[in-house]
Amino acid sequence: MEYKFREIEKKWQQHWKETNACKVSNQSEKPKYYVLDMFPYPSGAGLHVGHPLGYIASDIYSRFKRLKGFNVLHPMGYDAFGLPAEQYAIEHGIHPAVSTENNIENFRKQLDNIGFCYDWDREVRTCDPRYYKWTQWIFLQLFNSFYNRSANKAEPIANLIKAFEAEGSLVVDRRPSTVDQFTADEWKNFDEVTKQSILMDYRLAYCGYGEVNWCEALGTVLANDEVVNGVSERGSFPVVKKKLRQWYLRITEYADRLLEGLDCIEFSDAMKEMQTNWIGKSSGAEIDFEVKSQKLKVKSLRVYTTRPDTIFGVDFMVVAPELDIVEEMKSAGQAAAVDEYLAYVKSRSERERMAEKKISGVFTGAYAINPFDGREIPIWISEYVLAGYGTGAIMAVPCGDERDHKFAQHFNIPITNIIGKHYNGEEANPTKDAILVNSDFLNGMVMRDAVDVVINKLEEKGTGTRKVNYKMRDAAFSRQRYWGEPFPIIWKDGVAYPLSENELPLTLPEVKNYSPGPEGEGPLANINDWVNSYAATNTPLGDGGALETNTMPGYAGSSWYFLRYMDPHNNKAFCDRNVSDYWGQVDLYIGGTEHAVGHLLYSRMWTKALYDLGFIGHDEPYKKLVNQGMIQGSSRFVHRITLRADVSSIDVEASGFKMSSNKNILVSKSIFEKIKDDSNLAKQILIKLLPELGISEHEKLKDIEAVVSIFHVDVNLVDGYELDIEAFKRWRNSEYSDAKFLFEEDGKYICSSEVEKMSKSKFNTVNPDMIVDKYGADTFRMYEMFLGPVEISKPWDTKGIEGVHRFLKKLWRLFYDDVKGKVWNEEKASDAELKVLHKTIKKIEEDTERFSFNTGVSTFMIAVNELTDLKCNKKEILEQLLILLTPYAPHVSEELWSALGNSGSILDASFPKFEAKYVTESTKDYPVAINGKTRTELTLDLNITQQEVEQIVLNNEVVQKWLEGKEPRKIIYVRNKMINVVV
RNA sequence: AAGCCUGUAGCCCAACGGAAGAGGCAAUAGUUUUAGAAACUAUUAAGUGUGUGUUCGAAUCACACCAGGCUUACCA
């Protein structure tokens, strides 16, 4: 009987489906375990072999935990709103809902092929109104909350209103706002618009005006992490700054808690660091410098610095060109230069600014006064200071800051040295440990200690305050797009009013076209019926109210999906509190690093807000995060020689050169290696080929030049490195059908290769369906794991899969012989066989527990090799082995499990218990080293004492020979490891 | 520019500070086969990127450097 993987796999996939084998209950006696894969976007391109890596790992781990007696939740669903579907709709006129549905169906088919054990009853889709009803509901909770800084948590906005009514604005630390401090009485007398605009400054989800990343081509606003190098991450379109009305999430209020939370979750150091950098907390001081300018309009300039200790090293000030005070500071003499510079800055795109970092700037003509020694410090403007961070102005200390130093050198600004010999005059030294000089009352102090001294002094004088700053900005939360969640908000008289809970979901209307609305608004703005659907109603919001036309960004739905999986069909709540208390945190989250600062930060914030408001019982969503590495593509290249000639010097028609010059002459790898740096040799080869190419001899042929180049060829046309010539000729509509080939000596065409990102454009994608069809899902699963550690990026190499496939066939032969049929038996297992089994149990348990799936696979190979050598076909052993194997290769395990006569599913078996007694040995062959070099071997009892060892070792002939009569200094004996004699 | 990760047979990768090899691919030889492929059996192969140090003992720890990858990039 052969291993017919196709039949077996189909059979059991069907069986598991029919028996609901992967169904998970919210009630169980067992301990819970929650495994989650990062929410996939169902793209139209389908899966390549790189995508399922994390899903296989999580599937193995979930099945393993199930065998270990846990109630395991392992769901899957779709992050289905998003730009590509809408882009597709614009281009092809197909409704995003339709293309998304198709993509999901295709995605699902590919997943099912691999035999995952997802509880599909719990599937969620963010674009389903039954789902986004609750996204909108959570948005309303955020809208109706504020962050109480003294309680350090989010609270209902009603609490804030009560506080305003009782005590005015002084009760809560005032945020910068449109309105100054107010008393309780004043609050009560404010009109509705004023009140609402004050409240808007507090809401966790709020609407404001701000500079946003505007992408004209996509017609939408992008988050900072969706902009890469000044162009959109999706599509690489230019992005510019634009002031627009936008919704935001007040994530900055959570900055400290997001940082502190990192200490109690298991993320990789790299991941924690990325989040820490993104939040970018720094502490220092804001210092007010008196300004001396011609116009006397500006009295002071506020800068932010983390190094107040360097206050006596300030040689100039730099203000961001965008700041309004620039206009007021410029002197008559400098006005023209300043205006010219401002025009220059404006002309530069974000991209240019990032790409070319040239030093530029201009003096404003105004001076700041050092608060301590009264020195006059010139105020400059330069684009190296960003308007959006700190106060948009800095005090420049060239001897301690590299950028300031370069600027000073460039503009010949004299540099004050406050760190003595630590500054060499050549480049800045950012040390904190130097002793200060030229620093008035700080002289002789270590810089590190001077920081606090200066801040205290500034606060005393009232010219500065201690200040913490964050790089992180509030998260832009609106998109001018159709395919996203509508905001449950009605605008009336410039005030945003929330819809009431029972009006949710606010569903997306049908649209005819997806082009943007007027003034940067989204497509929804074009549908008056929808926008005004509340205008005529009798609700308090009727009478002229208009719906918000922005939609929510992609991360809205994915910020809380892990909660919906717990209770996916609940139409009374986003998730029942009892259920979320049962499942609690996601115990294991598997996904790529690309969501390090986007999704992972947003969902952590939502979780904290929901926790603060009492809707869930935990404030970190993910307990442990494992980052899967990328599976890279191994690209293949063919090498081409093309003719290039000075055409004017050749009689084109006569020579036939024109026709032939378009011919593809493809040379195999070793020839390519020889000629790539030797155009002469390439030319010789060409000339030899000319008659064959139908080019007649011509005196001007000496002017021909050979150009050698390489290009990607589809990896599916290549077996290892050998090109399938026939398939290649048919490739791309037979574009290369008349290509000429120069082969290796053995007649093969060998491609060269390179490891690159797996992508369609590099022709190096491999479709998992193809692999599953050829080798089976079990082989595919194990091979993906076998490639290397999950966290590491590694290239895909289809060739290596044979080894894993052979392993499964070899396993099969322990049960069935091709000729004899059934060979397994019920004989009693021997000690040697039990030893193999228990060694394997231990290793598989350890490896799986620590996500070392690659070594797990190889452990199975060893076990099967050893059992084959022992000719072990005993049920007693094999049955246990199958249980170990079932997380990795579920189909073949289930088949053989049932063949052994088990009635239930192997999914519900229990993980074998390791028993040390089968593997413990009483003796060990110890290596005996003299001075660290192994010289002989001794078989000793494991329980032997140090004294006994020394005795035996000293009496050993070999040892004596190496000692040459000398006394050993020390004899090191490590139990179960080795013995070392130090002479 | 900085931070993090990774450098072990031709390749992919193992090895809780204790004899560098578990496994797989490839290669070579053999068995089987009309032949090829497949299958099976066996064999070969590195001293751990470089250099210093800690240690009785280093692939493993520390420091520096080199190479590759990822991330962030004027955050004052």
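Residues numbered from 1 in each chain as written. Chains lettered and ligands numbered in written order. Predicted model: local features only at pLDDT ≥ 70, side-chain atom pairs only at ≥ 80, totals over all residues. Heavy atoms only, no water.

(A) Main features of the protein's contact with RNA strand B. In the neighbourhood of RNA strand B, 44 residues make up the surrounding shell, with Glu273, Thr306, Arg806, Ile862 and Glu937 lying closest. Of everything in RNA strand B that lies within 4 Å of the protein, sugar and phosphate atoms constitute 58%. Within the contact set of RNA strand B, a phosphate oxygen lies 3.2 Å away from a side-chain nitrogen or oxygen of Arg813. At the level of secondary structure, the elements contributing two or more residues to the surface near RNA strand B comprise α10 (269–279), β11 (300–305), α28 (801–815), α30 (853–869), β33 (923–930), β34 (933–941), β35 (970–974) and β36 (978–982). Classifying every residue of the surface near RNA strand B by side-chain character gives 19 nonpolar, 11 polar and 14 charged. (Near = heavy atom within 4 Å. Polar contact = N/O pair within 3.5 Å; in protein donor to acceptor, adjacent residues only side chain to side chain. Helix = DSSP H or I, 4+ residues; strand = E, 2+ residues; numbered from the N terminus. Nonpolar A, V, L, I, M, F, W, Y, C, P; charged D, E, K, R; others polar.)

(B) Structural context of the packing of aromatic side chains. Enumeration over the complete set of coordinates arrives at 73 aromatic pairs. Here the aromatic rings of Trp134 and Trp137 are separated by 5.8 Å at their centres, their planes lie at 65°, and the arrangement is edge-to-face. Of the two residues, Trp134 and Trp137 are both situated in helix α5 (residues 129–143); the distance of 3 residues between them amounts to about one turn of the helix. The same class applies to Trp134 as to Trp137, namely buried. Measuring from centroid to centroid gives 4.8 Å for Tyr582 and Trp583, while their planes differ by 70°, and the two rings are edge-to-face. Of the residues examined, Trp583 reaches a relative accessible area of 0% and is grouped as buried. What links up through ring pairs into an aromatic cluster is the set Tyr33, Tyr61, Phe64, Phe70, Phe851, Phe853, Phe860, Tyr888 and Phe911. Over the face of the ring belonging to Tyr206 we find Arg250, whose NZ or CZ atom lies 3.9 Å from the ring centre. Directly above the aromatic system of Phe441 lies the positively charged group of Lys457, at a separation of 4.4 Å from the ring centroid. (Phe/Tyr/Trp six-rings, centres within 6.5 Å; stacked < 30°, edge-to-face > 60°. Buried < 20%, exposed > 50% of the residue type's maximum accessible area, 1.4 Å probe, protein only. Lys NZ or Arg CZ within 6 Å of the ring centre and 35° of its normal.)

(C) Highlighting the sheet that holds strand β21 (residues 588–591). Reading across from one edge, β2-β1-β21-β22 is the order of the 4 strands in this open sheet, with parallel pairing throughout. Two strands close off the open sheet at either side, each with one partner strand: β2 (71–73) and β22 (625–627). In this sheet, neighbouring strand axes are inclined to one another by 20° on average, regardless of whether the strands run parallel or antiparallel. Bridging between strand β1 (residues 32–37) and β21 involves 3 bridges; their strand directions are parallel. Considered in β21, the bridge of Leu36 is made with Tyr589. Contacts from helix α2 (residues 53–67) reach β1, β2 and β21 within the one sheet, and its direction differs from that of β1 by about 170°. (Pairing = 2+ DSSP bridges. Axes fitted to C-alpha atoms, helices over the stretch in contact; angles between N-to-C directions. Contact = heavy atoms within 4.5 Å.)

(D) Fine view of the confidence of the model for chain A. When pLDDT is averaged across chain A, the result is 84; 91% of the residues are at 70 or more. The low-confidence segment residues 652–661 (pLDDT under 50) makes 19 contacts with residues lying over four places distant or belonging to another chain. (pLDDT = per-residue confidence, 0-100.)

(E) Seen up close, a nonpolar patch on the surface. On the surface, Tyr88, Ile94 and Val98 cluster together to form a nonpolar patch covering roughly 240 Å² of accessible area. Considering the arrangement of structural elements, one finds Tyr88 in helix α3 (residues 83–92). Residue Tyr88 is classed as partly exposed on the basis of its relative accessible area, which comes to 37%. (Patch = residues over 30% accessible without salt bridge, like charges linked within 9 Å, V, L, I, M, F, W, Y side chains within 5 Å. Areas by Shrake-Rupley, 256 points an atom, 1.4 Å probe, with all protein chains shown as cover. Salt bridge = Lys/Arg side-chain N within 4 Å of Asp/Glu carboxyl O.)

(F) Expanded view of the pairing of β34. The pairing of β33 with β34 spans 8 bridges and is antiparallel. Counted as the bridge partner of Ala929 is Thr934 from β34. From the end of β33 to the start of β34, which pair antiparallel, there are 2 residues, and Asn931 there has a positive phi angle of about 50°.

(G) Geometry of the state of the cysteines. Tallied over the full model, the rule gives 1 disulfide. Across the disulfide from Cys22 sits Cys117; the S-S distance is 2.1 Å. Judged by the sign of its S-S torsion, about -115°, the cystine formed by Cys22 and Cys117 is left-handed. With Cys22 in the loop between α1 (5–18) and β1 and Cys117 in the loop between α4 (96–113) and α5, the pair connects residues that are 95 residues apart, well separated along the chain. Since its relative accessible area comes to 15%, Cys22 is described here as buried. (Disulfide = S-S within 2.5 Å.)

(H) Fine view of the nonpolar core. Counting residues in hydrophobic clusters, the biggest one holds 109 residues, and the most contacted among them are Met782 and Phe815. Residue-level mapping places this core at the junction of two domains, with at least three residues from each of domain 1 (31–137 + 555–627) and domain 4 (776–913). Beyond its immediate chain neighbours, meaning those up to four positions away, Phe815 contacts Gly821, Lys822, Val823, Trp824, Leu878, Leu882, Leu896 and Leu900. Counting residues in each nonpolar core, the second largest holds 76 residues, with Val221, Ala476, Cys575 and Ala609 among its members. (Core = buried A, V, L, I, M, F, W, Y, C linked by side-chain atoms within 4.5 Å. Domains from an automatic or database assignment.)

(I) Inspection of the side chain of Gln110 at higher detail. Looking at where Gln110 falls in the secondary structure, it is placed in helix α4. Look at Gln110 and you get buried, because its relative accessible area is 4%. In terms of polar contacts, Gln110 uses its side chain to reach the backbone amide nitrogen of Leu47, at 2.7 Å. Look past the residues within four positions of Gln110 in its chain and what remains in contact with it is Gly46, Leu47, Asn767, Pro768 and Asp769.

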